[in-house]
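Chain and residue survey
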Amino acid sequence: MSTDPALIRQLARLCHAASMRAVLIDVAAVLPLAAGFAVLSFSLAGWTPACALLIAATLALIASAIRHARRHDQGWVLRKLDAACPSFEDSSALALQPKLPSSPLAALQQARIRVRMAHLLVSAAPDLRAPWPRRRLQGLWLIGLALIAFALLLPSLRAVLPASELSATSAQPLSGQGTRLAAIRLAITPPTYTELPSRKIDTLDAKLPAGSQVEWQLKLDRDADGVALSFHDGSRLELARDGELWRGTRVIDSATLYRIELRGAAALADDRGYRLDVIADQPPEIVVREPAQTLTVIHAAQAEWHLSFEAKDDYGLGDAELSLSLAQGAGDQLKVTEQRIKLEGDGDGRSRRYRQRLDLAKLGYAQGDDLIVRLTVADRRQPEAQQSVSTSLILRWPADGGSLSEGMEGLVQKVAPAYFRSQRQIIIDSEALLAQHATLSPQRYARDADALGVDQKILRLRYGEFLGEEFENGAPHDDEHQPEKAAPDGLGHAEDVLAEFGHEHNESEAATLMDPETKRLLRDALNEMWQAELQLRQAKPGEALPYEYKALALIKQLQQAERIYLARSGLELPPFDATRRLSGEREGLTDRSRVLDPRSNDGSPLPALLSQLNGSARVDLAPLLAWVKAHPETPDPLGLLADADSLQRQPDCAPCRRALAARLWPLLPAPPAAVDARRLPDAAGQAWLDGLSGVQR
């Protein structure tokens, strides 16, 4: 006789209901306290402690749910059923045993309990959930609401708090006989563009954004005729009396050190300087996401250029603008076109992603052009925004290789420019045309062969320019292919006039850029090209191939020399005159055995000041103050000024001297390079040296 599955499911539902009730009670108890303390923490110290409290409360509730799930198991529900139902006779666990008891009495009891349990759970199942602790929960919710209300009213209470109720917990302790600050309050209002909240602190030292407005509220323990703030740059701020308070406001743009000065009252017992450190507004940071490199060479069939940038700023981003510069042409014919595009970007106020797709055809981008792109992003600083410019991204479409050597004539000439390699392409096209002979019509075959002959002619003419052949006049130096066509009467021949009065560029001897061997190779290559062109024009690509291969072989020999210069002369030095050796002027020469002069310290007062601090004499700090003003990049200049100010107020303070000396030590100029003196040899070494020089001691 096995256990009824429906009975087991009913018991499981009772366990789950009891566990959920316990978890809900914990949530109802923890939630108001966690919310109240989180809001109060945020009002006093910001997001960090508030979030920490909420995270701790969440983890506590998760742990509580796990504990209740483990506690409310089947054994727990059976114990509750025995306590709630006397008819079970404390034998409810016997009903869930899967095996029949060996004792007849136990088997009878098991059957009876199963019947009673099934009847009870189906007809009127008991409620085993814990009751709601209403009074305890009401008290906790009232406490939580009170904390939230106090946190919301705290800024208003601070603003209207009378002088007599200012917190004196941070008031300076009385040291000797002097005036004491009974209460301190600094109200800091950051610039509007930062979107940072205003805050109030009870200390005279503060760290604030640049451009913040600071209001001082001071209360003295005795009356005074006037209170002023003296800053390290020489400026002063007179505080105005407002009842028992002294108030004053100033905008802080740069880090400063100040002291409180009194009139008509004893000086402050602790009249040290106080620091206002400034957090500078940083310019936007721009990161290029696409393309990955600054120089991109356009690929075949590219119609668009995709750009992607990411910008961040500490307080907020402003306008973004993409500038396009299209450079067309070369040399004196270079033309640059500017264009600007406003970008919006995706993201929040402090971090944005800018994407732009450029249509190259609309921009007029063509071969030989360069497209330069830069992104300019501004922040929201007032009154003048800061701007950052990204690195320049260049999209390049390389120009035709034949124009790479323009402007170099007369200086250096390349033997093998890019178009020299087209002879191999003519061979490939000729072989392909032969393979298609059977499939092409005679007219088409002759037309394609003639087109190859035109290509061979163009290539031959280009090579001919290197031998001074500027005109198409047939095969060079081959009289059988170039019959004379003079006028019948021999007068008015253009070539004769040019030969007599002009400078002949169409003669190989006039081309002075190449040596004789190179000229011979190039002339032979031109003759082979002429023969190949002749066969191609007659629709005989098969007979043209031998000449094409010979021309290619000659071109390869030409390519072995990289460059040919106009002048080929060796270095000729004048003959050496030994009689003038060591006879020059010796003015200004010094003894090399002298010790090197130490390098000056560039007028820095720090070494002398450090020497004074190590002594006992009074230290003159005026040069140090001037040096700090002239070197704003000094690490922690306010700390250096504060230590100098402490020593100036207490000249006999030994700890003040040590503190200032510790700050000056890392700022000393680097020592000059020195030459180590040669060490004197010992007795054995000296004897060895004497033996080498033949000295007898």
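Source: prediction; values computed, not measured. (Residues numbered from 1 in each chain as written. Predicted model: local features only at pLDDT ≥ 70, side-chain atom pairs only at ≥ 80, totals over all residues. Heavy atoms only, no water.)

1. Describing the overall build of the protein chain
What the protein chain contains, in helices and strands, is 17 helices and 21 strands. For the protein chain, long-range pairs separated by at least 24 residues make up 66% of all intrachain contacts whose partners lie at least 6 apart in sequence. On the protein chain, roughly 43,500 Å² of surface is accessible, and the fraction owed to carbon and sulfur atoms is 55%. (Helix = DSSP H or I, 4+ residues; strand = E, 2+ residues; numbered from the N terminus. Contact = heavy atoms within 4.5 Å. Areas by Shrake-Rupley, 256 points an atom, 1.4 Å probe, with all protein chains shown as cover.)

2. What about unusual backbone geometry?
Residue E290 is joined to P291 through a cis peptide bond whose omega torsion reads 5°. For P291, the location among the structural elements is in the loop between β10 (285–290) and β11 (295–297). Cis rather than trans, the peptide bond between Q382 and P383 has omega equal to 5°. With respect to the element layout, P383 can be found in the loop between β17 (370–379) and β18 (387–389). Here the phi dihedral of E195 falls at roughly 60°; this positive angle occurs in a residue that is not glycine. Even without a glycine there, the phi angle at A539 is positive, about 60°. On the secondary structure map, A539 appears in the loop between α11 (516–537) and α12 (541–558). On the basis of relative accessible area, A539 is assigned to the partly exposed category, the value being 26%. (Buried < 20%, exposed > 50% of the residue type's maximum accessible area, 1.4 Å probe, protein only.)

3. With respect to the pattern of salt bridges
Counting across every chain of the model gives 28 salt bridges. Note that E195 and R380 form a salt bridge whose closest N and O atoms lie 3.6 Å from each other. Linking E195 in the loop between β1 (181–189) and β2 (199–201) with R380 in the loop between β17 and β18, this pair joins segments that are 185 residues apart in sequence. On the accessibility criterion, E195 (59% relative accessible area) is exposed. Looking at R380, the relative accessible area reads 29%, which means it is partly exposed. One salt bridge connects R222 with D221, and the closest N-O pair in it is separated by 3.7 Å. Here R222 falls in the partly exposed class, since its relative accessible area comes to 38%. Here D221 falls in the partly exposed class, since its relative accessible area comes to 36%. Here the salt bridges share partners, and the residues they tie into one network are R275, D277, D636, D643 and R663. (Salt bridge = Lys/Arg side-chain N within 4 Å of Asp/Glu carboxyl O.)

4. Focus on the packing of helix α14 (residues 622–630) against helix α15 (residues 637–649)
Close contact between α14 and α15 brings their axes to 11 Å; oriented N to C, the two are set at 170°. Here α14 is positioned roughly antiparallel relative to α15, judged by the angle of their axes. Residue-level inspection shows L624, L625 and V628 of α14 in contact with α15, the latter providing P637, L640, L641 and A644. A breakdown of the residues in the contact of α14 with α15 according to their chemical character gives 7 nonpolar, no polar and no charged. (Axes fitted to C-alpha atoms, helices over the stretch in contact; angles between N-to-C directions. Parallel < 35°, antiparallel > 145°, perpendicular 65-115°, else oblique. Nonpolar A, V, L, I, M, F, W, Y, C, P; charged D, E, K, R; others polar.)

5. Some words on the state of the cysteines
Applying the stated criterion across every chain, the model contains 1 disulfide. A sulfur-sulfur distance of 2.5 Å marks the disulfide that ties C653 to C656. Classification of the bridge connecting C653 and C656 rests on its S-S torsion, roughly 70°, and on that basis the disulfide is right-handed. One exposure class covers both C653 and C656, and it is buried. (Disulfide = S-S within 2.5 Å.)

6. Let's talk about the nonpolar core
In terms of nonpolar packing, the biggest core is built from 26 residues, with L186, L204, W216, L229, Y258, I260 and L276 touching the most fellow members. Of all elements in the fold, only β1, β3 (206–209), β4 (212–220), β5 (226–231), β6 (236–242), β7 (245–252), β8 (256–263) and β9 (274–279) reach the threshold of two or more residues within this core. With residues near it in sequence (within four places) discarded, L229 still touches W216, S235, R236, L237, L239, Y258, R259 and I260. W305, A311, L317 and L324 belong to the second largest nonpolar core, which has 21 residues in total. (Core = buried A, V, L, I, M, F, W, Y, C linked by side-chain atoms within 4.5 Å.)

7. Thoughts on the packing of aromatic side chains
As enumerated under the stated definition, the model contains 6 aromatic pairs in all. Each ring, one from W216 and one from F231, has its centre 6.3 Å from the other, and the planes form 70°; the classification is edge-to-face. Here the residue W216 occupies a position in strand β4, and F231 occupies one in strand β5, the gap between them amounting to 15 residues. Each member of the pair W216 and F231 is classed as buried. Centroid distance W216 to Y258: 5.6 Å. Interplanar angle 75°. Geometry classified as edge-to-face. Pair noted here: W216 is in strand β4 and Y258 is in strand β8, with a separation of 42 residues, a long-range link. What makes W216 buried here is its relative accessible area of 0%. (Phe/Tyr/Trp six-rings, centres within 6.5 Å; stacked < 30°, edge-to-face > 60°.)

8. So, a nonpolar patch on the surface
On the surface, a cluster of nonpolar side chains totalling about 390 Å² of accessible area is made up of I55, L59, I62 and I66. Residue class for I55 comes out exposed when judged on its relative accessible area of 52%. (Patch = residues over 30% accessible without salt bridge, like charges linked within 9 Å, V, L, I, M, F, W, Y side chains within 5 Å.)

9. A closer look at the sheet that holds β10
Here we have 4 strands laid out as an open sheet, ordered β10-β12-β16-β15, and antiparallel in their pairing. Because the sheet does not close on itself, it has two edges, and the strands there are β10 and β15 (346–347). Here 9 bridges tie strand β12 (residues 304–312) to strand β16 (residues 351–359), and the two strands are oriented antiparallel to one another. Paired with A311 across the bridge in β16 is R352. (Pairing = 2+ DSSP bridges.)

10. Notes on helix α16 (residues 654–664)
Three or more residues of α16 are buried, namely C656, R657, L660, A661 and L664. Taken end-on, α16 shows its buried residues confined to a sector of 130°, consistent with a single buried face. Away from its buried face by more than 90 degrees, α16 exposes R658 and A662. Next to the buried residues of α16 lie α13 (606–614), α14 and α15. (Arc of directions from axis to C-beta.)

11. Structural notes on the packing of α11 against α12
In contact at an axis separation of 8 Å, α11 and α12 are set at 160° when each is read in the N-to-C sense. Considered as vectors, α11 and α12 are oriented roughly antiparallel to each other. Considering only the axes of α11 and α12, their crossing is left-handed. Contact residues: α11 offers T518, L521, L522, D524, A525, E528, M529, Q531, A532, Q535 and L536, while α12 offers P541, E543, A544, Y547, E548, K550, A551, L554, I555, Q557 and L558. Looking at side-chain class alone, the contact of α11 with α12 contains 13 nonpolar, 4 polar and 5 charged residues. (Left-handed = near helix turned anticlockwise from the far one by under 90°.)

12. Observations concerning the sheet that holds β4
Taken in spatial order, the 9 strands line up as β2-β1-β4-β7-β6-β5-β8-β9-β3 in an open sheet, and their pairing is mixed. Each edge of the sheet is formed by a strand with only one pairing partner; in this case those strands are β2 and β3. Each neighbouring strand pair of the sheet contributes to a mean axis angle of 25°, computed without reference to strand direction. Relative to β7, β4 runs antiparallel, the two being bridged by 7 bridges. In the strand pairing of β7, V214 is matched with R250. Across the sheet, α15 lies against β8 and β9, angled at about 35° from β8, the strand it touches most.

13. Thoughts on the pairing of β9
As paired elements, β3 and β9 share 4 bridges and run parallel to each other. If you follow P209 over to β9, its bridge partner there is I279. Of the strand pairs in this sheet, β8 and β9 are connected by 3 bridges, and their pairing is antiparallel. In the strand pairing of β9, T256 is matched with L276.

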